[in-house]
Each structure stands twice: as C-alpha cells, then as structure tokens.
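Given next are the chains, with one letter for each unit.
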Amino acid sequence: MKSILIVGAGGFIGGFIAAEALRRGFDTYVAVRESTSRRYLSDPRLHFVVLDYDDPLAMSGALAEAAPQGKPWDYIIYNLGATKCANFADFNRINFGYLRNFVGVIAENGLIPPGRFLFMSSLSALGPGDEKGYTPISPDMTPRPDTRYGLSKIKAETYLETHPEIPWTIFRPTGVYGPHEKDYLMMVKSIDRGFDFGVGYRPQMLTFIYVDDLVEAMFQAIDAPATLHKKYIISEDRAYTQAQFRNIVKRALGRRFCIPLKLPLWAAYIASVVAEKYGVLTLKPATLNRDKFKIMKQRNWACSVDDARRDFGFAPAFSLERGIGETVKAYLAEKKRRK
C-alpha cells in the first residue's frame, strides 16, 4: 500500500482528494490545522496530522511523528492556500511562506517523497493573457501576475524551481467548481433568485474545471514520469461566454428567465473597495475585493491543456453542463435540507 500526505485537506478540494486517495487504496494522511473543519474528512481510515504552519519547529515534530514507519510518504499533494484574505500580506505569508516552511521541514527530516510533490498553484499565477485576439493562455507564457494572490503563487512556484531535489509537479487550475465550493455557488444562488450579475461590457471568455476532473488529473500526474519538474494548466478544453454559463445554470435550475445585470468596471471597482474595507473592519475576508476585481476584469481565461493531454493523458470527463448539473443537484438537496 502506497502512502500519500494531503496538505491543506480541510478545504473544498481537499475532501475530494482524500476520498479519491482512499478509493485508490492509498494509506492516506491528511494535514490540517487545529481549527480546520473536518466535515468532509469523516472516513475513519484517514490519518490526521495537525500542523502549525507558522511554527516550523512544531511542524517538524508533528511530521516526524506522523511519518509512516518513520519513512517519507510516497507522494505529497500540497493543496494548502488562501484565495481571499482580509489583509493582502496574508497571501504572501500563507501561499508562499507556509510552502517554504513546509519544504524546509521535510528536507531537514528526510521526508522528501520519492514519488511526486504536487503543488497546487493557480492560473492567476500567469496573469492576464491576450485580451485583444483572445489567444488561449499557454503554460510557457511569461508570468505577469497582476493580483496579490497570483504573485504569491508565482513566488511559491519559483521557490520550488530553486529546489531540484524536490520531485515537484505544478498544477495551475482555472476556476474549480463542484459541490461544497462557495464562490461559484454564489453565482448559482443569484441565478436561482432570477438575477445574473456580470462585470464589464467587452466579451469575456471563461474556463472551468470540475473538481472530480481536477482530482483525477492529480493522480494521473503523480504517477507519470514525464511530469517531473513540469507545470500544467488544468481546465476543461473549451471556453464559455458568460451568457453560455448563465444558460447552463438556468437549465440545471429549471428556470426559464433570468435578468442579466451588467456592472460597468468603474462601479465594480468601487463596490470591491467598499467590500474590502468592510472585510478589514470585521476581520473577515471579503469575497469581493480589489484582487477579485482584477480577476473579474480579465476578459480572456481561455487556455491550452495540450501539455497535460500529451504527458499524462489528461481528458476531462465533465463538460460544464454536466458539472453544473451535479453542482446544482447538491445545492438543491442542501437547500431542501435546510428548509
């Protein structure tokens, strides 16, 4: 039985990674903070490793104690990260600093995995693509991140690149959606109420990846020799307009009509600043902020997955229509349960 450690297992994607690891017969360890919810980590076969990422010394002791028979895990999937923060400095602390601390600890303790260290980055690490000709974003384009989030991810990627002794592979997924995810769920809820909010008047091409397809790609990549020290964009291999997305959600919800509401960019920017300031005052990360505004402002999220298809046979099984169907089914079941 091969062993795997999933770092950042308590989030939306982490629960799906853990479930798939168990399904595939891995001896599965899940690293979480003391305060992390374990709602989607209820399987009794899971081994919990509680880590304090701000304290390398404590983390060193916890990892050394948890390591299976004192040996490295065969694989590590590093899924830890922050997508929104009340304080923008926390992006650097969590997305870059925690990775640096973790890599230092596993190196010092002889826990570098012999298989693969899969790091979950983001398409935002590359920054804006071609917004005139809408050429798909490719993995080899020069990164130009324009958000604090994207900058923190490219710093983490660069740090790994300076450590060739780590058998890393980097994933840059586009927007990940599915049951339990919260940001896209807000859009589903809005359309369920009869409203679809968009930003800007120029055409916008959107890309998505259903969580099951992302997780399947992870397990394909960690066993493929060609993925060593490579970076991959992970996305369904087509882009959608906002109208196409809206119509797919409408059909899944059984709605005939939805009012499209477009905010001009200047109005969206003001709203993002106000929401961000409120988040700072309440010490709660705001879903809408200046970083998020830059992501919504970006017109071209079309991207190429040719490298992933070539190196490990990446082939998403879920079209947006199928994935939204599953997501809406889970949303409606939860909505009914809460009544």
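Described in the following lines is the structure provided in the data block. (Residues numbered from 1 in each chain as written. Predicted model: local features only at pLDDT ≥ 70, side-chain atom pairs only at ≥ 80, totals over all residues. Heavy atoms only, no water.)

Quick look at the packing of helix H5 (residues 183-192) against helix H11 (residues 320-338)
(1) Moving on: Two elements in contact, H5 and H11, have axes whose closest approach is 11 Å; the angle formed by their N-to-C orientations is 70 degrees. Between H5 and H11, the angle falls in the class roughly perpendicular. As H5 packs across H11, the resulting crossing turns out to be right-handed. Across the interface between the two elements, Leu185, Val188, Lys189 and Asp192 from H5 touch Val328, Tyr331 and Lys335 from H11.
(2) Moving on: Of the residues belonging to the contact of H5 with H11, the class tally is four nonpolar, no polar and three charged. (Axes fitted to C-alpha atoms, helices over the stretch in contact; angles between N-to-C directions. Helix = DSSP H or I, 4+ residues; strand = E, 2+ residues; numbered from the N terminus. Parallel < 35°, antiparallel > 145°, perpendicular 65-115°, else oblique. Left-handed = near helix turned anticlockwise from the far one by under 90°. Contact = heavy atoms within 4.5 Å. Nonpolar A, V, L, I, M, F, W, Y, C, P; charged D, E, K, R; others polar.)

With respect to helix H8 (residues 265-282)
(1) Moving on: With 18 residues, H8 extends 26 Å from end C-alpha to end C-alpha; this agrees with the ideal 26 Å at 1.5 Å per step.
(2) Moving on: Of all the residues in H8, the buried ones are Ala267, Ala268, Ser272, Glu276 and Gly279. Looking straight down H8, one finds its buried side chains confined to an arc of 165 degrees; they lie on one side. Across H8 from its buried face, at more than 90 degrees, point the exposed residues Trp266, Val274, Tyr278 and Leu281.
(3) Moving on: Packing partners of the buried residues in H8 comprise strand E8 (195-199), strand E13 (259-263) and helix H9 (290-297).
(4) Moving on: Leu283 sits one or two positions beyond H8 and adopts a positive phi of about 60 degrees. (Expected span 1.5 Å × (residues − 1). Buried < 20%, exposed > 50% of the residue type's maximum accessible area, 1.4 Å probe, protein only. Arc of directions from axis to C-beta.)

Notes on the sheet that holds strand E5 (residues 116-120)
Sheet strands pair by backbone hydrogen bonding; their relative direction is either parallel or antiparallel.
(1) Moving on: With parallel pairing, seven strands are arranged side by side in an open sheet as E3-E2-E1-E4-E5-E6-E11. The open sheet has two edge strands, strand E3 (47-50) and strand E11 (231-234), and neither has a second partner. Each adjacent strand pair in this sheet contributes to an overall mean axis angle of 20 degrees, direction not counted.
(2) Moving on: Sheet contacts for helix H2 (residues 56-66): strand E1 (3-7), strand E2 (27-32) and E3; angle to E3, the most-contacted strand, approximately 160 degrees. (Pairing = 2+ DSSP bridges.)

Looking at the nonpolar core
(1) Moving on: Counting 60 residues, the largest nonpolar core has Phe171, Leu214, Met218, Phe219, Ile234 and Phe312 as its most contacted members.
(2) Moving on: Here this core takes seven residues from helix H6 (residues 211-221), the largest share from any one element.
(3) Moving on: Excluding its chain neighbours within four sequence positions, the residues that come into contact with Phe219 are Ile4, Ile17, Glu20, Ala21, Arg24, Phe26 and Ile77.
(4) Moving on: Membership of the second largest hydrophobic core comes to 37 residues, among which are Val103, Val105, Ala156 and Leu160. (Core = buried A, V, L, I, M, F, W, Y, C linked by side-chain atoms within 4.5 Å.)

Section: the packing of H5 against helix H7 (residues 242-253)
Two packed helices can be described by the angle between their axes and the distance between those axes.
(1) Moving on: Put simply, H5 and H7 touch, their axes get as near as 10 Å, and they point 65 degrees apart. On the basis of the axis angle, H5 is roughly perpendicular to H7. Taken as a pair, H5 and H7 cross one another with a handedness that is right-handed. In contact with Met187, Val188, Ile191 and Asp192 of H5, H7 contributes Phe245, Arg246, Val249, Lys250 and Leu253.

Points about a nonpolar patch on the surface
(1) Moving on: Together, Phe195, Phe197, Phe257, Ile259 and Leu261 make up an exposed nonpolar region whose accessible area comes to about 470 Å².
(2) Moving on: If you list the elements that add at least two residues to the nonpolar patch, you get E8 and E13.
(3) Moving on: Along the chain, Phe197 falls in strand E8. (Patch = residues over 30% accessible without salt bridge, like charges linked within 9 Å, V, L, I, M, F, W, Y side chains within 5 Å. Areas by Shrake-Rupley, 256 points an atom, 1.4 Å probe, with all protein chains shown as cover. Salt bridge = Lys/Arg side-chain N within 4 Å of Asp/Glu carboxyl O.)

A few points about unusual backbone geometry
(1) Moving on: Backbone geometry at Tyr134 places phi at a positive 55 degrees, although glycine is not the residue there.
(2) Moving on: Following the sequence through the fold, Tyr134 ends up in the loop between E5 and helix H4 (148-161).
(3) Moving on: Taking relative accessible area as the criterion, Tyr134 reaches 23% and is therefore assigned partly exposed.
(4) Moving on: One non-glycine residue with positive phi stands out, namely His229, at about 55 degrees.
(5) Moving on: Along the polypeptide, His229 turns up in the loop between H6 and E11.

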